[in-house]
Amino acid sequence: MTKKQAALIALILFTLVAILHTLDHFNLVGIAGPVLMVARWIAVAGVVWFAVKKRSLTTWILVSMVIGGELGHDYPGIAVQFQVLSKVFLQLIKTVIAPLLFATLVVGIAGHSDIKQVGRMGWKSLLYFEIVTTIALFIGLAAINISKAGEGIPMPPEALHEKLPETKPQSWQDVILHIFPENIAKSIYHGEILPIVVFSVIFGIALLLVKDKFRGPMLGFCESLSEVMFKFTNIVMYFAPVGVGAAIAYTVGHGGLSVLGNLLQLLITLYVALFVFVLLVFVPVALIIGLPIRRFIKEISEPVSIAFATTSSESALPKAMEAMERMGVPRKVIAFVMPTGYSFNLDGSTLYLALASVFVAQAAGIQLSIWEQLLMVFTLMLTSKGVAGVPRATLVIILGTVASFHLPVWPVFLILGIDELMDMARTSINVIGNCLATAVIGKWEGEVDFKALPPETKA
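Because the structure is a prediction, the values reported are computed rather than measured.

Procedures and definitions
- Residues numbered from 1 in each chain as written.
- Predicted model: local features only at pLDDT ≥ 70, side-chain atom pairs only at ≥ 80, totals over all residues.
- Heavy atoms only, no water.
- Helix = DSSP H or I, 4+ residues; strand = E, 2+ residues; numbered from the N terminus.
- Buried < 20%, exposed > 50% of the residue type's maximum accessible area, 1.4 Å probe, protein only.
- Contact = heavy atoms within 4.5 Å.
- Areas by Shrake-Rupley, 256 points an atom, 1.4 Å probe, with all protein chains shown as cover.
- Core = buried A, V, L, I, M, F, W, Y, C linked by side-chain atoms within 4.5 Å.
- Expected span 1.5 Å × (residues − 1).
- Phe/Tyr/Trp six-rings, centres within 6.5 Å; stacked < 30°, edge-to-face > 60°.
- Lys NZ or Arg CZ within 6 Å of the ring centre and 35° of its normal.
- pLDDT = per-residue confidence, 0-100.

Student: Could you clarify how one ought to interpret the overall build of the chain in this entry?
Tutor: Helix and strand content of the chain: 23 helices and zero strands. Counting all 459 residues of the chain, 51% fall into the buried class. A separation of at least 24 residues holds for 84% of the contacts in the chain among residues at least 6 apart in sequence. Just so you have it, the chain exposes about 21400 Å², and 68% of that area is on carbon and sulfur atoms.

Set out below in structure tokens:
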């Protein structure tokens, strides 16, 4: 049996179960509870069969969410015992945060942003990246505060007793002082992500200033560390279906299936926020530089499609560079701006980070003041620069931010259940943003005239 046939059978089973539940809910037919439960588990068996045929980690994560929800609904007493599995997954992910952030930030600064070599183009790129990603963060912050997608999620009882560091009211001097590490090992131990980022940034700048014979070995070490930690994350992600399924089972066992409505609301909030970001930022920028929008859309459609399907910006990089070359942007501009943008200009990911972090606070019933939310945005302005264009990298940043602001971690598992669907959208925006950035810097440098593009360069 093919994958398409398996998917069709699973869809039919779920549709039939949904129809039966709807009819029973409105008392149009009388169906015994055990009959409905058996029907649901038959549908679950169908999606498990589809996952076996598909052999995809993403599919297994989504299927485990279904299994966890059904288990929590039918057997809440058993479901709550699986919380330990979700905690195991969480602890494994937490081990990645400090080394991954350090390595990616140092490589991003010392490996790409050599201001001495690129001169004017360097500061223009970094200025543009910072402005655009900051706007993305604020749009994400506004969107989640308007939709309030995290409010109303029943909190697991154990979360009320979760041991969190005691916090005292802090003055603005205390907040500033906390940003700078007194002991990097202490910051790593306590999961204080902002001091780690500051240390990494200063380390990257210092590495940039030393001679090549000293810079090379350390840069090579950081590049190797970055690659190893991403592989480490990939290995841990094989346990993600178990961790996510256990977390969903635990949450649904306490609060019911209503939590899934919040996740749908979060998904819609992200897509609407990204659409607004494109209208308010990308379109005006394109008009200001005189970019032919229709042609731009046509040229980048292939790399954006690749990014959407694979949820990886890196997989779309070669095609994106070719597309912008056809748009008349010189290769020397593309070669600098686009790789730098993959470290410093991930617009979709930064918007998502602001949105997801506040969602966690809302789900936990914690009211963050405007000052606290702005401080969180400032933190994400720095931490998002270490997000690589690979699937699930934002999970590391979210967990680090949650730990820094003493928020509970259980809502993160809910987000991970639909992370693939959100990753498709934010990765596509990342690619569009970096393609547009090359056009902006090329125009700013006077290296390209979009009005003079020859017709034969059309794809």
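Student: Help me out: how do you make sense of the nonpolar core in this one?
Tutor: Generally speaking, nonpolar side chains in soluble globular proteins are found buried as a group. Of all hydrophobic cores here, the largest spans 103 residues; its most connected members are Met324 and Leu436. Contacts of methionine 324, omitting those with residues within four sequence positions, involve Phe296, Ile300, Val329, Ile334, Met338, Cys435, Thr438 and Ala439. With 13 residues, the next largest nonpolar core counts Leu100, Val106, Val107 and Ala110 among its residues.

Student: Explanation requested: the environment of glycine 400 in the structure shown.
Tutor: In this structure, glycine 400 sits in helix α21 (residues 393-404). Separated by 303 residues in the primary sequence, glycine 400 and isoleucine 97 have C-alpha atoms spaced 6.6 Å apart.

Student: Before we go on, may I ask you to explain the environment of alanine 247 in this structure?
Tutor: Note that alanine 247 resides in helix α14 (residues 240-255). We classify alanine 247 as buried; its relative accessible area is 5%. Once the C-alpha coordinates of alanine 247 and serine 86 are considered, the two residues, 161 residues apart in sequence, prove to be 5.5 Å apart. With near-sequence residues (within four places) excluded, alanine 247 lies in contact with Ser86 and Phe413.

Student: Honestly, helix α8 (residues 120-147) in this entry has me stumped. Any pointers?
Tutor: A turn of α-helix holds 3.6 residues, and therefore any two residues three or four places apart point the same way. For α8, spanning 28 residues, the distance from its first C-alpha to its last is 41 Å, which sits close to the expected 40 Å at 1.5 Å a residue. One or two positions beyond α8, positive phi appears at lysine 148, with a value near 50 degrees.

Student: Please clarify how unusual backbone geometry should be interpreted in this entry.
Tutor: Glycine aside, negative phi is the norm for most residues, and most peptide bonds take the trans geometry. Not every positive phi belongs to a glycine, and lysine 148 is a case in point at roughly 50 degrees. Examined against the element boundaries, lysine 148 turns out to sit in the loop between α8 and α9 (157-160).

Student: It is not clear to me how the packing of aromatic side chains should be interpreted in this structure. Could you clarify?
Tutor: Any pair of aromatic rings gets described here by the distance separating the centres and the angle formed by the planes. Following the criterion strictly, the structure yields six aromatic pairs and no others. Pairwise contacts between aromatic rings join Phe102, Phe199 and Phe203 into one cluster. The ring of tyrosine 352 carries the charged tip of arginine 426 above its face, separated from the ring centre by 3.9 Å.

Student: Teacher, can you tell me more about helix α19 (residues 347-363) here?
Tutor: Along its 17 residues, α19 runs 24 Å from first to last C-alpha, staying within 8% of the 24 Å computed at 1.5 Å per residue. Counting buried residues in α19 gives 17 out of 17 residues, a clear majority hidden from the surface. In the segment just after α19, glycine 365 is the residue with positive phi, at about 75 degrees.

Student: It is not clear to me how the confidence of the model for the chain should be interpreted in this structure. Could you clarify?
Tutor: Fine structural detail should not be taken from predicted coordinates in areas where pLDDT scores are low. When pLDDT is averaged along the chain, the result is 75, and 74% of the positions lie at 70 or above. Every residue in residues 23-30 is under pLDDT 50, and counting partners more than four places away or in other chains gives six contacts. A low-confidence stretch, residues 160-170 stays under pLDDT 50, and its non-local contacts, those more than four residues away or across chains, total seven contacts.

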